[in-house]
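# Structural overview
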Amino acid sequence: MKTNLFALPQFSLRFIPIWRRNFLVWKKMAGPSILGHLADPVIYMLGLGYGLGGMLPEVGGLSYIAFLSAGTVCYSTMNSASFEALYSGFARMHEQRTWDAILNTPITLDDIVFSEIVWAGSKSLLSGVAVLLVIWLMGLSHSPLSLWIIPLSLLVGLCFASLGLIVTALAPGYDFFMYYFTLVITPMVLLCGVFFPVDQLPASLQHVSSILPLTHAINLARPLLNNVIPANFMTHIAVLLGYVLAGFYISLVLFRRRLSQ
Amino acid sequence: MNAVLSARNLRKCYGDQVVVDGLNLSIQRGECFGLLGPNGAGKTTTLRLLLGLIAPDAGELQLLDHVVPGDARAARLHVGVVPQMDNLDPDFTVAENLLVYGRYFGMSDAEIEARLPDLLEFANLAHKRDAKVPTLSGGMKRRLTLARALVNDPEVIFLDEPTTGLDPQARHLIWQRLRELTARGKTLLLTTHFMDEAERLCHRLAVMDNGRIITIGSPRELIEQNIEPQVVEVFGEQVASWARDYAAQHAQRFEVSGETAFCYVQDAQPLLRELQQHPHLRYLHRPANLEDVFLKLTGREMRE
């Protein structure tokens with residue numbers, strides 16, 4: 001009779017009305033949101049790309065700004081999903097009690113957690129498209145393969161949404177998220193090849209880098225923007241999918257435990 | 001069998017603490033049923049069990065012919081809930097709150113739009129249709145929450161302390177609306193701290209304490225079965241010594257709380273005559289009410 005916290009998730013299409021709810025909230029603030037998705041990567045690419053790039057002849061066979069553009073796509077999509085899953089997700093779960101209201105309808109917690117992941121993934125998709133447009137407009141990529149950045153943005157978003165929700169499920173308050181950003185996200189940005197190639201790192205750190213999801217995202221994005229089919233792309237996709245599934249399941253178990261109190 | 005809800009031997013523990021301890025309950029169609037109890041008696045946990053939001057450790061439960069929690073999703077399709085704490089969507093207008101909530105029940109936008117005028121009318125919010133939630137008063141928010149609970153035209157409505165924190169005008173309006181719902185044949189299950197609310201609205205009541213139902217019946221039955229019909233409240237500084245000397249002689253039962261003695265009597269006349277001899281004491285003679293029953297059954301100590 002006791003709730004099985006570890007039961008496999010049950011999927012239903014009832015997550016769609018929750019996605020639409022979040023979309024309606026987003027639509028009311030679409031202007032500033034889109035501006036944020038565009039301005040941030042442009043500032044990074046211009047500032048670092050031209051500033052730092054001016055001192056470097058080329059990095060990994062690319063101009064520095066072209067090298068950086070692949071990192072920026074992944075970095076931006078990671079950030080959109082993480083902020084959505086942590087801060088906005090926590091607000092919906094805890095502060096506004098939106099989840100409580102939804103749970104009184106025929107919707108279950110499994111649907112809610114799934115909707116959070118898909119919604120945060122959608123925000124990443126938007127962010128990825130925005131950065132891709134900037135890359136095209138700046139003439140940094142003319143590759144037809146760069147269109148694959150669009151589904152990749154969704155995958156990266158789902159991945160970091162799932163991981164972020166684990167933190168949300170454990171968080172006593174907003175301050176808790178600082179640990180995640182300081183101890184996980186920031187090191188990831190420096191270890192995964194956003195700003196410089198991973199092979200610049202000592203061997204031990206390269207091993208750490210090889211298991212981090214952002215590395216696999218960048219290993220897909222960088223060749224795609226350069227019109228090359230990524231080496232071992234199946235492995236990279238599989239690792240990212242693995243993070244999505246593991247993160248979803250772990251966060252769901254943690255949310256079940258938290259909300260059954 | 002016309003029971004909308006039936007629970008047998010429901011039990012729920014959190015760690016070592018038994019929060020709901022062998023609860024038996026049966027609610028008939030069209031009934032307004034009240035669950036009373038001090039803070040921590042297990043009322044909110046009971047509602048969460050009945051809605052299938054948490055699983056009991058033992059017991060059987062049926063809501064609208066669905067086994068809960070196993071088939072709770074199907075049951076909740078025909079249930080409305082007014083929660084204790086406000087959880088309206090602050091980013092939305094009144095109408096958007098109803099629209100978005102209706103979608104959770106799988107209703108189409110057209111279906112919800114068609115119900116909107118009636119819901120807004122019922123909640124006295126027709127003029128606030130496009131107002132944002134943060135601009136509403138406490139009473140308006142409660143009425144919107146009630147309208148939201150009705151969006152799916154539920155058969156059963158759960159209300160967790162529906163009038164807590166409202167001013168008397170706002171409370172009376174909610175009461176009137178709840179009576180209208182009962183008149184339409186809806187089944188209501190409400191928890192409350194307000195005895196006058198329970199006495200006015202509920203056909204039947206259960207008093208809960210320490211996770212158990214201690215008594216169950218109509219408000220009148222509870223008063224008749226549990227307590228003497230007359231109460232004389234005596235106030236004054238020396239009331240404790242007066243009560244020891246005199247109340248014991250003339251009252252079936254008395255309790256002293258601070259500077260007040262509550263005397264419970266079958267016939268108040270002897271006590272009232274006695275009180276004429278003690279002009280320094282003030283008193284109030286009234287019929288026994290539900291609050292007297294509640295305090296007798298659950299005690300006068302604070303629950304925190």
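Residues numbered from 1 in each chain as written. Chains lettered and ligands numbered in written order. Predicted model: local features only at pLDDT ≥ 70, side-chain atom pairs only at ≥ 80, totals over all residues.

### What about the overall build of chain A?
Put simply, the rule is: Runs of H or I in DSSP of at least four residues are treated as helices and runs of E of at least two as strands, each being numbered from the N terminus. Any pair of residues counts as being in contact when their C-beta atoms, constructed from backbone geometry, are within 7 Å of one another.
Of regular secondary structure, chain A possesses 10 helices and zero strands. When the elements of chain A are put in sequence order from the N terminus, they spell out α-α-α-α-α-α-α-α-α-α. Across chain A, every contact between residues at least 6 apart in sequence was considered, and the portion connecting residues at least 24 apart equals 78%.

### Thoughts on the nonpolar core
Stated precisely, the cut-off is as follows: Under the definition applied here, buried Ala, Val, Leu, Ile, Met, Phe, Trp, Tyr and Cys residues are grouped into a nonpolar core through C-beta atoms within 7 Å. The burial criterion counts other C-beta atoms lying within 10 Å of a residue's C-beta, which is placed from the backbone; the residue is buried at 20 or more, exposed at 12 or fewer, and partly exposed between these limits.
Core analysis: the largest hydrophobic core is formed by 157 residues, its most contacted members being Cys74(A), Ala221(A) and Cys263(B). Considering each element in turn, this core owes the most residues, 15 residues, to helix H3 (residues 64-95) of chain A. The residues contacting Cys74(A), other than those within four sequence positions of it, are Val156(A), Val194(A), Leu214(A), Ala217(A), Ile218(A) and Ala221(A).

### Some remarks on helix H7 (residues 177-191) of chain A
All names here are of chain A. How we decide: A helix's residues, less one, multiplied by 1.5 Å, set its expected span.
Taking 1.5 Å as the rise per residue, H7 with 15 residues should run 21 Å; its terminal C-alpha atoms sit 20 Å apart, in good agreement. Contact partners of the buried residues in H7: H3, helix H6 (149-170) and helix H9 (213-225). Where H7 ends, the next residue or the one after it, Gly193, has phi of about 90°, a positive value.

### Description of the sheet that holds strand E2 (residues 17-28) of chain B
The pairing of strands in a sheet comes from backbone hydrogen bonds and takes either a parallel or an antiparallel form. Residues and elements named next belong to chain B. Operational definition: A pair of strands is considered paired only if DSSP assigns at least 2 bridges between the two.
Strand order in this open sheet of four strands is E2-E1-E4-E5, and the pairing throughout is antiparallel. On the outer flanks of this sheet lie E2 and strand E5 (66-67), each paired with one strand and no other. As judged from the two bridges shared by strand E4 (residues 58-63) and E5, these two strands associate in the antiparallel manner. Pairing of Leu63 across the sheet is with His66, part of E5.

### A short note on the pairing of strand E10 (residues 212-217) of chain B
For a regular strand, side chains alternate in direction, first toward one face of the sheet and then toward the other. All names here are of chain B. The pairing of strand E9 (residues 204-209) with E10 spans five bridges and is antiparallel. Across the sheet, the residue bridging to Leu205 is Gly217, located in E10. Turn length for the E9-E10 hairpin, with the two strands adjacent in sequence and antiparallel, is two residues, and the turn residue Asn210 shows positive phi of about 50°.

### Side note on the interface of chain B and chain A
For clarity, the threshold we go by: Basically, the charged four are Asp, Glu, Lys and Arg, the nonpolar ten are Ala, Val, Leu, Ile, Met, Phe, Trp, Tyr, Cys and Pro, and anything else, Gly included, counts as polar.
Counting from both sides, the interface comprises 23 residues of chain B and, opposite them, 23 residues of chain A. The element best represented in the side of chain B that touches chain A is helix H3 (residues 94-104) of chain B, accounting for four residues. For the side of chain B that touches chain A, the class distribution of residues is 15 nonpolar, one polar and seven charged.

### What to know about the sheet that holds strand E11 (residues 230-235) of chain B
Residue and element names in this part refer to chain B. Cut-off, in case you're wondering: As a rule, the C-alpha atoms of each element are fitted with a line to give its axis, helices using only the stretch in contact, and angles between N-to-C directions run from 0 to 180 degrees.
The strand order E12-E13-E11-E14 describes an open sheet built from four strands, whose pairing is antiparallel. At either end of the open sheet lies a strand with only one pairing partner, and these are strand E12 (253-257) and strand E14 (282-287). Adjacent strand axes in the sheet meet at a mean angle of 15° when their direction is disregarded. Bridge count between E11 and E14: six bridges; the pairing is antiparallel. For Val232, the partnering residue across the bridge sits in E14 and is His285.

### Remarks on unusual backbone geometry
All names here are of chain B. Backbone torsion omega between Val68 and Pro69 reads 5°, so that peptide bond is classified as cis. Note on placement: Pro69 falls in the loop between E5 and helix H2 (72-76). One non-glycine residue, Asn210, adopts positive backbone phi at about 50°. Its location among the elements puts Asn210 in the loop between E9 and E10.

### A look at the confidence of the model for chain A
Stated precisely, the cut-off is as follows: Along the chain, pLDDT gives the predictor's confidence residue by residue, from 0 to 100.
In this model, chain A carries an average pLDDT of 94, and 99% of its residues clear a pLDDT of 70 or more. The weakest mean pLDDT in chain A belongs to helix H2 (residues 30-51) of chain A at 88; the strongest belongs to H6(A) at 98.

### Re the packing of H3(B) against helix H4 (residues 109-122) of chain B
All names here are of chain B. What counts is decided by this rule: Angular relationships are summarised with four words: roughly parallel below 35 degrees, roughly antiparallel beyond 145, roughly perpendicular across 65 to 115, and oblique for the angles in between. Crossings are sorted by hand: turned counterclockwise from the far helix by less than a right angle, the near helix makes the crossing left-handed, and turned clockwise it makes it right-handed.
As a packed pair, H3 and H4 sit with axes 10 Å apart at the nearest point and diverge in direction by 135°. When the axes of H3 and H4 are compared, the pair comes out oblique. Considering only the axes of H3 and H4, their crossing is right-handed. When H3 is examined against H4, the residues Ala95, Leu98, Leu99 and Gly102 are found in contact with a partner set consisting of Asp109, Ile112, Leu116 and Leu119. Split into classes, the residues belonging to the contact of H3 with H4 amount to six nonpolar, one polar and one charged.

### Quick notes on the packing of H6(A) against helix H10 (residues 233-259) of chain A
Residues and elements named next belong to chain A. Closest axis-to-axis distance for the H6/H10 pair is 8 Å, and the angle between their directions is 25°. By the criterion of interaxial angle, the relationship of H6 to H10 is roughly parallel. Both H6 and H10 take part in a crossing whose hand is left-handed. Here Leu155, Val156, Leu158, Cys159, Ser162, Leu163, Leu165, Ile166, Ala169 and Leu170 of H6 come into contact with H10, specifically with Leu240, Tyr243, Val244, Gly247, Phe248, Ile250, Ser251, Leu254, Phe255 and Arg258.

### Quick word on the confidence of the model for chain B
Residue and element names in this part refer to chain B. Residues at a pLDDT of 70 or more form 99% of chain B, whose mean pLDDT is 93. Mean pLDDT across the secondary structure elements of chain B bottoms out at helix H9 (residues 239-250), with 86, and peaks at H3, with 98. Predicted as a complex, the structure gets a pTM of 0.93 and an ipTM equal to 0.92.

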